[in-house]
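Take a look at the letters that make up each chain.
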Amino acid sequence: MIVTEDKKIKKCPVSLQPDIENLLQDLTPDDFASASRQEKDDFIQDRQSVSYWKDAWRRLKKNAVAMVALGVIVFLFLFAFVGPLLIPYGYDEFNKGAENLYPYHYTLEDQQRVNDEIAARTQSDVVDVDEMIAQAKAEAEKKGEKFTKKDEAVIRAKAKVAAKPADSSSEDQSVDEDSVRKELGIKKHIFGYSQAELERKANGENVFPHVFGTDMYGRDILVRVMYGARVSMSVGVFAAILVLVIGALYGAISGYCGGKVDAVMQRIVELIYAVPEMLVVLLIATALKPILTDYVNSAGTSPLKSFVNVLGPNLISMFIAFGLLYWVTMSRIIRGQVLQLKQQEYVTAARALGASGGRIIRRHLLPNCIGQIVVTTCLQIPSAIFLESFLSYLGVGVSAPLPSLGSMATDALSGMYTYTYRLIVPSVILSIMILAFNLFGDGLRDALDPKLKK
Amino acid sequence: MGKYFVKRLGMAILTIFLVACLTFLLMNAVPGSPWLSEKTPSETTLAALNAKYGLDKPVYVQLFMYLKNILHGDFGVSLKMQKNRAVLDIIVDMFPVSAKVGALALLWAILVGVPLGCLAAFKRGKLTDSILRVICTLGISMPSFVVASVLLVTLTGNNALNLFPSIFDPSQGWRAYVLPCFALGFYPMCYTARQTRSAMLDSLSQEYIKTARAKGLKNKKIIFKHALRNALIPVITYLGPQVAFTLCGGFVVESVFSIPGLGRYFVQSIQNRDYPVIMGTTIFLAAFIILMNLVVDLLYKVADPRISLTKGGE
């Protein structure tokens, strides 16, 4: 740096600016030698920067609601993906003798007490049919008449009629049992066990309880709920990723190219935006199910076919629906961001350096709207779960043996008053799952984009 | 305005056309023919049937035939559910029930949601706000069948408070409508409340509110005349999607409460694979939703003069 005499700048006497001329005189050529590696490392050590993600994480950690939601999500993930490994029942395993179990049980001793009590109260005044016949026979012989088979049948029929009210009162008996239990002060114990399982347990065997009871086929509800949660979460996450990829690419291209390309692409978006999604998703799910099933069952093998078979036709049709319809919101958001970002100097610089459009989008534009992308993706998950449960509830969701929270709720609707827990358990888990994702998404938005916070 | 209207209408019609095409093509691709039943007809009968209904022609010809028939109000006849009854006839018969339930649900959602949102905005950060936020977040996290199930378990049946019928029965008057409308409107209510709250907060921080305060207007006047009016505009925008959501949520709620509406019928037709009914209902409902969106959009432009009409969209 050479300062010529004639360009000497007059300095204000109160200026705090260092006198550069004196400084230059103090410098020796050594000062201009390149820094050693050690010095460089020291420099980096000194100014450890707070990265975007660290900053966001710091903000997120302060948000108690979001952190609780994150905890719930982690728990649900473990519940859905690790849980089934710990439980010895299968989701489509019919546990014989364990049908229609409530999520509670009475101990064997208590049951015995109740039975004894009931037996004591209803001392049998039922007359044995054979005894009656024998009596009638004796009577008939006394009178010197012939006891015919017809008479015997009449007596038997009469006895049957007499016994009938006793049979039908067995329903009352269960009410009776309840009141007896109440009088004896017998308490319910959590978790459901079948009679056989209780006996095995009494013999010292280790029996895993049916925590949420079982359904009408004896399938363990806990395991089914776990698998249902797994289905819901997988659908949510994969659908969100699908939406992310399509939406981000489409939006970025549309925003970056601008002009006629943008106009045409935006017309398409408007068109899809106007389509009532749920209706069309329902339609696609309905139509694709038989089409894909037909495809899977057709002759020959191919990698695509086995892929379809593994995922199941319903999940695929759901993903297709998402890929077709749900990316528009994402693409609109990304486009808006890109429109702003592409005016920035670093984009101009990259272009001046000869970077291609694709590179600019990949390396400069998309990383700079990562906050928006993450938030929108995260908020897409609950809406996908919502949709999956909706479709499953209507019976066009996940295929039959595999449970889904929505289809479990439908199945439970018929026995709603007697087996309320069957309806409540999947509904509550579904609601908690969606709630947690919603709250976490909100927290993430606040953390990643503090300007948006209201 | 006129030009904009024509453009939007054209777009709406194009969308309806596309949905109709998609519906037809999807349903056409479904394997199996409508004549498949226990008794397989003979070859000649099949050929005659196909010829009679035009099923022997190429797909695009069938598509145009179908679209032409729709324009003439002919959606075909039901094949399974109500054999040989015209689909249009069924729609005309059942849509009013759905529309009534849906409209009532939406009405209560807005009438309750907007004031709740305002309340939350005024009491920002206080207990009221927190409680309302919890309720509303919960509300948008519960699918309508969950809400309906909870209502059914707690408020109907013989073991609980038996206040309302669990099965829709129009002879019970207003009591029949309470539960379905509540279940259907809960999500839109919570959504509206959230929207109103954030719009209201946005609106309250604007300069014109400061001006109004500075010139000494009463709080009531500021809120209702200045803040709320502007806050309602974004709420109106979401009305269109809400109509769609309420109609689709109706599928579930109508099934749960056995309401003899179009939604339940649609679901039944899907379960029974009665394709003409599925197609007709889809196209009808899609057209209805798209037109409602159009109306809401136009209303929105009228309500907010700041929005330029020549440049569509934000």
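Residues numbered from 1 in each chain as written. Chains lettered and ligands numbered in written order. Predicted model: local features only at pLDDT ≥ 70, side-chain atom pairs only at ≥ 80, totals over all residues. Heavy atoms only, no water.

For chain B, an unreviewed UniProt entry supplies the name ABC transporter permease and the organism Blautia acetigignens. UniProt, in the comment section headed Sequence similarities (unreviewed entry), describes chain B in these words: "Belongs to the binding-protein-dependent transport system permease family." (UniProt positions renumbered as here; feature names shortened; annotations may be inferred.)

Student: Lay out the overall build of chain B in plain terms, naming residues and giving numbers.
Tutor: Within chain B, the regular secondary structure consists of twelve helices and zero strands. The secondary structure elements of chain B, listed N-terminal to C-terminal, are α-α-α-α-α-α-α-α-α-α-α-α. Within chain B, the fraction of its 314 residues that count as buried is 45%. Partitioning the intrachain contacts of chain B with sequence separation of at least 6 by distance along the chain shows that 69% fall at a separation of at least 24. Taken as a whole, chain B presents about 16,100 Å² of accessible surface, with 65% of it coming from carbon and sulfur. (Helix = DSSP H or I, 4+ residues; strand = E, 2+ residues; numbered from the N terminus. Buried < 20%, exposed > 50% of the residue type's maximum accessible area, 1.4 Å probe, protein only. Contact = heavy atoms within 4.5 Å. Areas by Shrake-Rupley, 256 points an atom, 1.4 Å probe, with all protein chains shown as cover.)

Student: Give a detailed account of the overall build of chain A, specifying residues and quantitative values.
Tutor: Check the secondary structure of chain A and you find 20 helices and two strands. Buried residues in chain A amount to 40% of all 454 residues. In chain A, of all internal contacts separated by at least 6 residues, the share reaching a separation of at least 24 is 77%. Taken as a whole, chain A presents about 26,600 Å² of accessible surface, with 59% of it coming from carbon and sulfur.

Student: Residues and numbers for the interface of chain B and chain A, please.
Tutor: On the side of chain A, 40 residues touch chain B, which itself brings 50 residues to the contact. A buried area of about 4,000 Å², summed over both sides, lies between chain B and chain A, and 78% of it is on carbon and sulfur atoms. The interface formed by chain B and chain A holds one salt bridge in total. Across the salt bridge formed by Asp442 of chain A and Arg194 of chain B, the nearest N and O atoms sit 3.4 Å from each other. (Buried area = accessible area lost by both parts, 1.4 Å probe. Salt bridge = Lys/Arg side-chain N within 4 Å of Asp/Glu carboxyl O.)

Student: Kindly report on the UniProt feature "transmembrane region" (unreviewed entry) in chain B, identifying the contributing residues and their values.
Tutor: Residues and elements named next belong to chain B. As annotated by UniProt and renumbered to match this structure, "transmembrane region" (unreviewed entry) occupies residues 12-30, 101-122, 134-154, 174-193, 231-257 and 277-300. The distance from the first to the last C-alpha atom of residues 12-30 is 27 Å, and the span holds 95% helix and 0% strand. In this annotation, residues 277-300 is assigned 100% helix and 0% strand; the end-to-end C-alpha distance for the span is 34 Å.

Student: Lay out the pattern of salt bridges with the relevant residues and their values.
Tutor: Residues and elements named next belong to chain A. With the rule as written, the count across this model stands at seven salt bridges over all chains. Residue Arg58 pairs with Asp55 through a salt bridge whose shortest N-O separation is 2.4 Å. Of this pair, Arg58 and Asp55 are both found in helix H3 (residues 52-62), three residues apart, which corresponds to roughly one turn of the helix. Asp55 is paired through a salt bridge with Arg59; the nearest N and O atoms lie 3.3 Å apart. Placement of both Asp55 and Arg59 in helix H3 is noted, with a separation of four residues, approximately one turn of the helix.

Student: Quick one: what's the story with unusual backbone geometry, residue by residue and with numbers?
Tutor: Positive phi, close to 50°, is recorded for Ser258 of chain B, a residue that is not glycine. Inspection of the secondary structure puts Ser258 of chain B in the loop between helix H10 (239-257) and helix H11 (262-272).

Student: Before we move on, can you summarise the packing of aromatic side chains with the specific residues and values?
Tutor: Residue and element names in this part refer to chain B. A complete count under the given rule lists 14 aromatic pairs over all chains for this structure. A centroid spacing of 5.1 Å and a plane angle of 10° characterise the contact between Trp108 and Phe182, whose relative ring orientation is stacked. Here Trp108 is found in helix H4 (residues 87-122), whereas its partner Phe182 is found in helix H7 (residues 174-204), with 74 residues between them in sequence. (Phe/Tyr/Trp six-rings, centres within 6.5 Å; stacked < 30°, edge-to-face > 60°.)

Student: For the nonpolar core, give the residues involved together with the corresponding values.
Tutor: By size, the foremost hydrophobic cluster in this structure holds 165 residues, and its most contacted members are Leu282 and Ile334 of chain A together with Phe251 and Phe257 of chain B. Take this core: its biggest share by element is 17 residues, from helix H11 (residues 221-257) of chain A. Core analysis: the next-biggest nonpolar cluster, separate from the first, contains 14 residues, Cys118, Ala121, Ala199 and Leu201 of chain B among them. (Core = buried A, V, L, I, M, F, W, Y, C linked by side-chain atoms within 4.5 Å.)

Student: Just give me the short version of the side chain of Arg335 of chain A, but keep the residues and values in it.
Tutor: In this structure, Arg335 of chain A sits in helix H15 (residues 313-341). Ignoring sequence-local partners within four residues, the contact set of Arg335 of chain A consists of Gly251, Ser254, Gly255, Asp262 and Gln266 of chain A.

Student: Can you lay out H7 of chain B for me, pointing to particular residues and giving the numbers?
Tutor: Residues and elements named next belong to chain B. Along its 31 residues, H7 runs just 38 Å from first to last C-alpha, ending more than 12% under the 45 Å computed at 1.5 Å per residue. Along H7, the sharpest kink reaches roughly 40°, centred on Gly185 and followed within four residues by the proline Pro188. Along H7, 22 of the 31 residues are buried, which leaves the element largely enclosed by surrounding structure. (Expected span 1.5 Å × (residues − 1). Bend = angle between axes of the 7 residues up to and from the residue.)

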